[in-house]
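# Coordinate inspection notes
For reference, the chains in residue letters:
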Amino acid sequence: MEIELHHIHKRFGPVHANNDVNLTFHGGRIVGILGENGAGKSTLMKILSGYQPADSGEIHIDGQRVIYHGTQQAIQHGIGMLQQDPLDVAAFTVLENFIYGQPGGQQLPRKAAAEQLSTISRRFGFELDPDTPCYHLSIGQRQQLEIVRLLALGVKTLILDEPTTGISAEQKQILFDALRELATKDGMSVLLVSHKLEDVIALCHEVAVLRAGRVVGAKEMPATTRQLVTLMFGQELAPQTRTRENLQGRPEAVRLDGVTLRGKRLSVENLSLSIRAGEVIGLAGLDGSGQELLLRACAGLVKPASGRLYLGGHDMTGQSYRQFLAQGVAFGAAGRLEEGLVGGLTLTEHIALITETNTVIDWGRARQHTADQIKLYDVRGRPESRIETLSGGNQQRMLMALMPQKPLLLVLEQPTRGLDVDSARWIWEQLFTRQATGAAMVFSTPDLDELVTYSDRILVFYSGQVYEVKDATRTTIDELGRLIGGHFEEQTQ
Ligand SMILES: Nc1ncnc2c1ncn2[C@@H]1O[C@H](COP(=O)(O)OP(=O)(O)OP(=O)(O)O)[C@@H](O)[C@H]1O
Ligand SMILES: [Mg+2]
């Protein structure tokens, strides 16, 4: 299957999100779609997959012009897309979501559907239990379900928008093997939107680069990270390093005394930890290994089952999230639209939620404040934009704009998730201006490089067990990789 895009344009008010895009995609190939935050990647992919129409331009499949309205029709033409945030129905089981997603869905016999689900899952080594409700699935599993669903519908072109953010290294491997097989064995074309250049290098046959809505480059792979960065930003980026200060004698910001945290699937037992002001603690581990429990405990969102937790010397054990906020904790969750930001609200409304503490909200003041924050944090959006209309990277910038300037403790889950390389550095600069004022920081990330670059200390989580890396400033990505896989014993002697 060959897809040609001719002169695609899409505007959102003043934003020219796609500006005369011309591209051709061939079957049997994996194409990386690259570009900085807000470049127009998701917009283009949503047009191609029928989520939204282009303002003008044409799509041709195998030489024929096609016009479609909606994703169902795009799927009938063989084009299916995995959204940046999976859209399944959380209360339904895996099988119900699978059935519900088929055309004429409800009528499909359960047994036949279950067989099809299991056949496709097995082929790619996906672990999908048909009877599990979707809210129990990890992001990686929800993604697998969506792939299986699209394959069952017979798509020939599979579009993935940042599929590796928020999934474990293991799931990533399974996903990549599946994509390679789909391209090389089944002759499908795979379009991969990604900021992870190492993923693009590992997987793609070619790349196309967007900047400010236009195609500014294309390249056959292989290419180096440097070449890709230069294509994306028009220049190389100097390596970012961090100068570490001596934290001796700094006051204690956080203290955990024998804290036990119970999660749905595992618990972290009897953890003691002291974090000084200005100290940066990196949490490593596969998704769901317990690090999210510690993060949420530090923010007052998970209450210790036993043990005590202190902030700046105050016993906060069992206190509410609000009280943690009042004590100077700032929390940024990975699921931006689920926990950090509120879908449907505008940027001004988000700012007002935080700054306008009176019962009568001064909207003029809130709007001005929002405009200032937008400028300061270089958010591509307007005060009246609803948060979900911002590109993924700009949502992350907004989250940063909502964080207090002088927190006692920053609790950050995957703070650079979905950010382009340049924006990720920018976020770290922002974080370090807060760290310089004495804020302690606890963050998690699947990116081992990020852990090594920014942490003073690293805690590795493996199914609820915690291991502290001996010297975080000297550790390597290889060592961290082994620890994350649970090989603690070798290190402890
Ligand atoms: N529904 C919408 N309403 C208003 N503006 C929108 C909408 N969708 C996208 N935009 C704007 O269009 C531009 C391109 O957004 P898009 O989501 O395509 O970027 P992206 O390349 O996917 O970025 P990221 O890497 O951050 O995900 C951005 O300025 C964004 O704010
Ligand atoms: Mg995007």
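Residues numbered from 1 in each chain as written. Chains lettered and ligands numbered in written order. Predicted model: local features only at pLDDT ≥ 70, side-chain atom pairs only at ≥ 80, totals over all residues.

### Some thoughts on the site of ligand 1
The immediate surroundings of ligand 1 are formed by 19 residues, with Phe12, Ser42, Thr43, Ser391 and Gly393 found nearest. At the level of secondary structure, the elements contributing two or more residues to the shell around ligand 1 comprise β2 (15–25), α1 (41–48) and α14 (392–401). The class makeup of the residues in the shell around ligand 1 is five nonpolar, twelve polar and two charged. Taken together, domain 1 (3–233) and domain 3 (342–401) each give at least three residues to the shell around ligand 1, which thus spans both. (Near = placed C-beta within 6 Å. Helix = DSSP H or I, 4+ residues; strand = E, 2+ residues; numbered from the N terminus. Nonpolar A, V, L, I, M, F, W, Y, C, P; charged D, E, K, R; others polar. Domains from an automatic or database assignment.)

### Looking at unusual backbone geometry
In this chain, Met221 is followed by Pro222 through a cis amide linkage whose omega measures 5 degrees. With respect to the helices and strands, the residue Pro222 is situated in the loop between β10 (214–220) and α8 (225–233). Phi angles above zero are rare outside glycine, and Gln414 is one such case at about 45 degrees. With 24 C-beta atoms packed within 10 Å, Gln414 lands in the buried category. (Buried ≥ 20, exposed ≤ 12 C-beta atoms within 10 Å, placed from the backbone.)

### Quick look at the domain arrangement of the protein chain
Examined at the domain level, the protein chain breaks down into domain 1 (3–233), domain 2 (252–340 + 406–492) and domain 3 (342–401). A separation of 26 Å is found between the C-alpha centroids of domain 2 and domain 3. Taken together, the elements giving at least two residues each to the side of domain 2 that touches domain 3 come down to α11 (336–340) and α15 (421–436). When grouped by side-chain class, the residues that make up the side of domain 2 that touches domain 3 number three nonpolar, five polar and three charged.

### Regarding the packing of helix α12 (residues 347–355) against helix α13 (residues 363–376)
Interhelical geometry of α12 versus α13 gives an angle of 105 degrees and a closest axis separation of 9 Å. Here α13 runs roughly perpendicular to α12, going by the angle between their axes. Listed contacts from α13 to Leu347, Thr348, Ile351, Ala352 and Thr355 of α12 are Ala366, Arg367, His369, Thr370, Gln373 and Ile374. Here the residues of the contact of α12 with α13 sort into five nonpolar, five polar and one charged. (Axes fitted to C-alpha atoms, helices over the stretch in contact; angles between N-to-C directions. Parallel < 35°, antiparallel > 145°, perpendicular 65-115°, else oblique. Contact = placed C-beta atoms within 7 Å.)

### Looking at the environment of Leu256
Within the secondary structure, Leu256 sits in strand β11 (residues 252–262). The exposure class assigned to Leu256 is buried, which follows from the 22 C-beta atoms found within 10 Å. Residues Leu256 and Leu273, 17 residues apart in the sequence, show an inter-C-alpha distance of 5.0 Å. Ignoring anything within four residues of it in the chain, the contact list for Leu256 reads Leu271, Ser272, Leu273, Gly307 and Leu309.

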